[in-house]
Amino acid sequence: MAGRCPRSPRVFLPFLYPSLFPLNGISRPALAAGVKGTRRNMNTSTTSPEPSAPSDDLRSRLNPDPDDYSMTNFSDKAKLSLYPGPGGHGCISFLREAFVPDGPPNGGDGGHGGNIYIQAVHGETSLHKLARKKFVRAGRGKSGMGSARSGQRGEDVVIPVPVGTVVREISRDDPEAESRFLSRRERKRRSRESQPVEAEVDEEGEPVGDPNLHKWVLYNGMSSSDRKRMDLPPLPSRDRLFRQPAAPILLDLSRPTPQPILLAVGGLGGLGNPHFASKNTPKPLFATRGEAALTLEIELELKLLADVGLVGLPNAGKSTLLRSISNSRTRVGDWAFTTLQPNIGTVVLDNNKGRPMLTSYRKVAHSSYGRSDPFGRPSDTQPEVERRTRFTIADIPGLIEGAHLDKGLGVAFLRHVERAGVLAFVLDLSAGNAVAALKSLWNEVGLYAHMREEEERERKRQAAIDWSASAGTDAEDSAFWPSTMSTDLDAPAGVGQGGLHIAGKPWFVVATKGDLPDTQENFRELRDYLAAISRGEEPHPSGTEGAWTRDCAAIPVSAINGHGVDRVVHWAVGLLDG
Ligand SMILES: Nc1nc2c(ncn2[C@@H]2O[C@H](COP(=O)(O)OP(=O)(O)OP(=O)(O)O)[C@@H](O)[C@H]2O)c(=O)[nH]1
Ligand SMILES: [Mg+2]
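Here is a short report on the structure shown in this document.

1. A closer look at the sheet that holds strand 4 (residues 157-162)
Across the sheet, which stays open at both edges, the three strands sit in the order 4-2-8 with mixed pairing between neighbours. Two strands bound the open sheet, and with one partner strand each, they are strand 4 and strand 8 (261-264). Strand-to-strand, the axes of this sheet are offset by a mean angle of 35°, without reference to chain direction. Sheet analysis places strand 2 (residues 116-121) next to strand 4, joined by six bridges and oriented parallel. The residue of strand 4 that forms the bridge with Tyr117 is Val158.

2. Things to note about the coordination of the magnesium ion (ligand 2)
Looking at the magnesium ion (ligand 2), the protein donor atoms are Ser319 (OG) and Thr339 (OG1), and they sit 2.0 Å from it. Of this pair, Ser319 sits in helix 7 (residues 318-325) while Thr339 sits in the loop between helix 7 and strand 12 (343-348), placing them 20 residues apart in sequence. Across the pair, exposure class does not vary: Ser319 and Thr339 are buried alike.

3. Quick notes on the environment of Gly110
Structurally, Gly110 can be placed in the loop between strand 1 (77-83) and strand 2. C-alpha of Gly110 to C-alpha of Gly151: the two residues are 41 residues apart in sequence and 4.6 Å apart in space. Apart from residues no more than four positions distant in its own chain, Gly110 is found in contact with Gly88, His89, Gly90, Lys142, Ser143, Gly144, Gly151, Gly269 and Gly270.

4. With respect to the nonpolar core
Phe391, Phe425, Leu438, Trp507, Phe508, Leu526 and Leu530 are the most contacted members of the largest nonpolar core, which totals 65 residues. Per-element accounting of this core gives the leading share, nine residues, to helix 8 (residues 434-463). The contacts of Leu530, once residues within four sequence positions are left out, are Leu438, Trp507, Val509, Cys552, Ala553 and Ala554. Core analysis: the next-biggest nonpolar cluster, separate from the first, contains 26 residues, Leu82, Ala120, Ile249 and Ala264 among them.

5. Quick word on the pattern of salt bridges
Overall, the coordinates contain 17 salt bridges when judged by the stated rule. Between Glu301 and Arg415 there is a salt bridge, with its nearest N and O atoms 2.7 Å apart. With Glu301 in strand 10 (residues 295-302) and Arg415 in the loop between strand 15 (390-395) and strand 16 (422-428), this pair connects stretches of sequence that are 114 residues apart. We classify Glu301 as buried; its relative accessible area is 8%. On the basis of relative accessible area, Arg415 is assigned to the buried category, the value being 7%. Sharing partners across several salt bridges, the network here consists of Asp76, Arg168, Glu299, Glu301 and Arg415.

6. Let's talk about the sheet that holds strand 5 (residues 165-173)
If you trace the five strands from one edge of the open sheet to the other, you get 3-1-10-5-7, paired in mixed fashion. Sheet topology places strand 3 (135-137) and strand 7 (250-253) at the edges, where each strand pairs with a single neighbour. Strand-to-strand twist in this sheet, taken as the mean axis angle between neighbours without regard to direction, amounts to 25°. As judged from the three bridges shared by strand 1 and strand 3, these two strands associate in the parallel manner. For Leu82, the partnering residue across the bridge sits in strand 3 and is Val136.

7. Looking at the site of ligand 1
The full set close to ligand 1 counts 24 residues, and Ser319, Thr320, Phe337, Thr338 and Thr339 are the nearest of them. Contacts to ligand 1 include Lys318, whose side-chain N or O atom sits 2.8 Å from an oxygen atom. When ligand 1 is considered free in solution it has 650 Å² of accessible area, and contact with the protein chains removes 94% of it. For the shell around ligand 1, the residue count by class is ten nonpolar, ten polar and four charged.

8. Re the packing of aromatic side chains
Any pair of aromatic rings gets described here by the distance separating the centres and the angle formed by the planes. All chains considered together, the criterion is met by seven aromatic pairs. For the pair Trp442 and Trp507, a centre-to-centre distance of 5.5 Å together with 75° between the ring planes defines the contact as edge-to-face. Remark: Trp507 occurs in strand 17 (residues 507-512) and Trp442 occurs in helix 8; sequence separation between them is 65 residues. Both residues of the pair, Trp442 and Trp507, belong to the buried class. An aromatic cluster of at least three residues, connected via ring pairs, comprises Trp216, Phe276 and Phe286. Lying across the ring of Tyr83, Arg137 places its NZ or CZ 4.7 Å from the centre.

9. Some thoughts on helix 14 (residues 565-577)
Each α-helix turn comprises 3.6 residues. Residues three or four places apart therefore point the same way. With 13 residues, helix 14 ought to run about 18 Å at 1.5 Å a step, and its terminal C-alpha atoms sit 19 Å apart, in line with that. Counting buried positions along helix 14 gives 13 out of 13 residues, so the element sits mostly inside the fold.

10. Considerations on unusual backbone geometry
Here the bond from Ala247 into Pro248 is cis, since omega is -10°, no more than 30 degrees from zero. Position of Pro248 among the secondary structure elements: in the loop between helix 6 (224-229) and strand 7. Residue Lys513 is not a glycine yet carries a positive backbone phi of 65°.

Parameters at a glance
- Position numbers for residues count from 1 along each chain, tracking the sequence in the order it is written.
- Going through the entries in the order they are written, you letter the chains from A and number the ligands from 1.
- For a predicted model such as this one, the threshold for reporting local features is a pLDDT of at least 70, and the threshold for listing and counting side-chain atom pairs is 80 or more; totals across whole chains, interfaces and linings nevertheless cover every residue.
- Where side-chain values are given, they derive from all heavy atoms of the structure, hydrogens and water being excluded.
- In this scheme, strands are said to pair when DSSP sees at least two bridges between them.
- In DSSP terms, a helix is any run of H or I states spanning at least four residues, a strand is any run of E spanning at least two, and both are numbered starting from the N terminus.
- The angle between two axes is taken between their N-to-C directions and runs from 0 to 180 degrees, where each axis is a line fitted to C-alpha atoms and a helix contributes only its stretch in contact.
- The donor set comprises N, O and S atoms within 2.8 Å of the metal, extended to 3.2 Å for Na, K and Ca; water molecules are omitted, so apparent gaps in a site may simply reflect that omission.
- Exposure classes here rest on a 1.4 Å probe applied to the protein chains alone. A residue is buried below 20% of its type maximum, exposed above 50%, and partly exposed in between.
- Note on definitions: a residue-residue contact is assigned when non-hydrogen atoms from the two residues lie within 4.5 Å.
- Note on terminology: a nonpolar core comprises buried Ala, Val, Leu, Ile, Met, Phe, Trp, Tyr and Cys residues joined through side-chain atoms within 4.5 Å.
- Should a side-chain nitrogen of Lys or Arg be within 4 Å of a carboxyl oxygen of Asp or Glu, the pair is scored as a salt bridge.
- Nearness is defined per residue: one heavy atom within 4 Å of the molecule or strand is enough.
- Polar contact criterion, stated in full: a pair of N or O atoms within 3.5 Å, where within protein one must be able to donate a hydrogen and the other to accept it, and residues adjacent in sequence count only if both atoms are side-chain atoms.
- Only the protein chains shown count as cover for residues, with accessible areas throughout obtained via the Shrake-Rupley method and a probe of 1.4 Å.
- Only Asp, Glu, Lys and Arg are considered charged, only Ala, Val, Leu, Ile, Met, Phe, Trp, Tyr, Cys and Pro nonpolar, and every remaining residue, Gly among them, polar.
- Stacked, edge-to-face and tilted labels apply to pairs of Phe, Tyr and Trp rings (six-membered ring for Trp) whose centres lie within 6.5 Å, assigned for plane angles under 30 degrees, over 60, and everything in between, in that order.
- In this scheme, Lys NZ or Arg CZ marks a charge over a ring once it lies within 6 Å of the ring centre and within 35 degrees of the ring normal.
- Every helix has an expected span of 1.5 Å times one less than the residues it contains.

This is how it looks when you write it as structure tokens:
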């Protein structure tokens, strides 16, 4: 779909290349009709397209000192060990009152351990705090007490993460699930071989006692041989309020989650001795221990969610462009790799005088995300339309040739533009052949897309392994954790189609530094090349079959002067909402 900005290049091009686009007698005010208003800090005018000299304010904003920038802590990866709380032990106690010297058992139950949840919230922008933290621990359940007082429940912990975070389980160690699984397997083996359950003996012929002895709290005054001989009842099977999500956990928190999502469940509290009182054992001298909780290792990866992603070689002028269309104070400097971390700017579609600069409507998906579903899964989504007032734009560190081989800063930062609706390739017209630069950038992006797809396939292979057999997760637990949580997740639309999930996005080119001399010829070549792609005479620069090739536009700008940048905004909005 074509961009929404006026198709005639004459609207802005006279600023940069009057010889390329002769006016043909069209009056200058008429040329400006496509741009409805003035943007703050910009020199495009409603009355005259003539570039006025940039004000000092604008000059210093768009060509700032290298130390004039704001920088925040940022990290897009974190590994966390999660330790939900273990359960508190049950209590062995008996009623002792005046005139009741030998009362019934009244030991309280232990409290359950605290759970660990995760929630994607607006306002969080980075994972650096979690990356430093390294582990998260929920509260342990308190042990039960006499007089039938139950122990307090351990405190739950909610991990707030930025919207756009992907959560992947690396490993888990669940001693309880493992022992449940082993005892179930043992029971099955015995019933298959129809073996009578014989009392096991140790090497010296002494009875070994209950293999689950370690799960009981025994009265302190007992001797160890009494303990071994003690006839303990079978461990009661218990209902769980929360079930541990099955392995491997894989979540894509690409929208805010109104309710926290459960990651790791705390251990169950032990049962007090009244639970084991029976006709034969009216005074049980035992209670159960609280369950040990599992340990979960997870990896968090933040993929920023911007509407438009800027991709370009180092020093191309991406950050200057971002400054010129938003209020971003990202760092600008005349050397490669000035930008070392992604920056997001918000472009407000308003000239700050209460008048919209352009009118566009975006599709919004309203859903009952998390409202009716305990897991916050999207349900019936109904796209609606609302007036667009802003969009976000992500500026990432520059890519160099061979970035996929980890040259320069590598291609990892492309993950922040991977989900952008539109890609804007920023090319420096004064730095050699722009067509070659565009091809080289697309080549790196294409290789990154293939790498991501390979990773995705590998992850799917891993996910296909039946973890319940090896890690001891209950089969019903697997059913409990909805498989949709892990399938619609990480796979961006089009993954597995040879890089299409990126090459299929709408894109355009911003040709910067058009104010510098001898850039017209370079721009002319670039424009002709893009026109040939649009006509289908040239393949997509990444070489991907079926990639987006409609209306490939090159917009010449002088970001440092704020010239032509309105057109970038118009075109981007047109592609986003078109
Ligand atoms: N003449 C001219 N210079 C520009 C223009 N845009 C940017 N520059 C200059 O080019 C240099 C690099 O600009 P940046 O915006 O830092 O470039 P970048 O692409 O963000 O660079 P990295 O962050 O290193 O990838 C700075 O000295 C800018 O002042 C422009 O339109 N015209
Ligand atoms: Mg930069």
